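Here is what each chain is made of, one letter per residue.
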Amino acid sequence: MKIEALIIDDENKARALLNTILKECCLEITEVYEAKDLLEGVSLIKQYNPGIVFLDIEMPKYSGLKILEFVDRKDFNFEIVFTTAYSKYAIEAFQLSAVDYLLKPIHWKQVQEAVQKATILLEKNQTYERLLGLSHVLSNPSSYHKIALPVSDGVRFLELNDIICFEADGMYTKVYILNDEDILISKPLKHFENLLRKTSTFFRPHRSYLINITHVKKYINKEGNYIQMDNGVTFSISRQKKDEFISFMNVFQRSN
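All chains use their own residue numbering, which begins from 1 and follows the written sequence. Local features in a predicted model are, by the rule used here, given only for residues with pLDDT of at least 70; side-chain atom pairs are given and counted only at 80 or more, and totals for whole chains, interfaces and linings are based on all residues. Each side-chain value is derived from all of the structure's non-hydrogen atoms; neither hydrogens nor water enter the calculation.

**Focus: a nonpolar patch on the surface**
Step number 1: A cluster of nonpolar side chains, contributed by Met171, Tyr172 and Leu184, occupies part of the molecular surface with about 340 Å² of accessible area.
Step number 2: Runs of H or I in DSSP of at least four residues are treated as helices and runs of E of at least two as strands, each being numbered from the N terminus. Note that tyrosine 172 resides in strand 9 (residues 172-177). Residues enter patches when they are more than 30% accessible in relative terms and free of salt bridges; like-charged ones are connected within 9 Å and nonpolar ones (Val, Leu, Ile, Met, Phe, Trp, Tyr) within 5 Å. In these tables, accessible area is a Shrake-Rupley quantity obtained with a 1.4 Å probe, and a residue counts as shielded only by the protein chains included in the view. Take a side-chain nitrogen of Lys or Arg and a carboxyl oxygen of Asp or Glu: if they are within 4 Å of each other, that pair is a salt bridge.

Okay, here's the thing in structure tokens:
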């Protein structure tokens, strides 16, 4: 797929570097436009209808995150890749929302991967929904309740409460969903552990499982220690993890 790109960044050197990388390393890109602020970028979006927009977050007057305020939902016919030096917590917000980002200083390999991913997602036209999710997470960091999972045909949005548990499967992770089929995600279990570590409901009691404690059906302490989930998945838990698990459950129950 051949697409045009737009770079929105207030730094001249940053725009020039990304422009060069796109032209020299990304064969999918046929044209590159540049804007020095969000409003100029919105104007170019309406004029040229690019397929991918590289959008800096921290710019004078309007942050790149404000793009939802200037582009109508019907006009979101492009993929966005944020360029950012944001904190680690903000990066977790991007991952929860399945919104792509590049950390500065930008490397050509990251740009290639971002363009390839964008060309796949472009046909799904889910940019607006993912940006809404990102906006919610950033404005309510302690109350996010959804996760966006990259699947083969796009992005799937799940309520965290509907996830029973995650199970490691090599470099993949199987996600068990309440009243639905399991899905396999091309991310390791550690990715989800890091992503959900700030929540009060997800706990890793075993090297192969990350569980939603609201879906724990039974804790069995006969002939070893076991946890059984609502979907019947059962696994052993070490003595060390048992104490940590019970403590985690007690904290959760006191706060609910």
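This is not the end of the story, as more comes after the structure.
**Re empty space enclosed by the protein**
Step number 1: Two kinds of site are reported from a 1 Å grid over the protein atoms alone, namely cavities, where a 1.4 Å probe fits but cannot get out, and pockets, open sets with protein on both sides within 12 Å along at least five of seven lines, and residues are called lining when an atom falls within 4 Å of a point. Grid points are joined across faces, edges and corners, and a volume is the space filled by probe spheres set on the points. One pass over the structure, following the stated rule, counts one cavity of 30 Å³ or more.
Step number 2: Volume-wise, the largest cavity comes out at about 30 Å³.
Step number 3: Every residue lining the largest cavity is listed: Ile7, Asp9, Ala14, Arg15, Leu18, Thr83, Lys104 and Ile106.
Step number 4: The element that contributes the greatest number of residues to the lining of the largest cavity is helix 1 (residues 12-25), accounting for three residues.

**Quick look at the environment of histidine 206**
Step number 1: Along the chain, the position of histidine 206 falls in strand 11 (residues 202-206).
Step number 2: With a 1.4 Å probe rolled over the protein chains alone, any residue whose accessible area is under 20% of its type maximum counts as buried; one over 50% counts as exposed, and the rest are partly exposed. What makes histidine 206 partly exposed here is its relative accessible area of 22%.
Step number 3: Two residues form a contact once any of their heavy atoms are found within 4.5 Å. In this structure, histidine 206 is in contact with Phe235 and Ser236, ignoring residues within four places of it in sequence.
Step number 4: Among the polar contacts made by the side chain of histidine 206, one reaches the main-chain amide nitrogen of serine 208 at a distance of 2.9 Å. Definition of a polar contact: a pair of N or O atoms within 3.5 Å, with one able to donate and the other able to accept a hydrogen when the atoms are protein atoms, and with sequence-neighbouring residues admitted only if both atoms are side-chain atoms.

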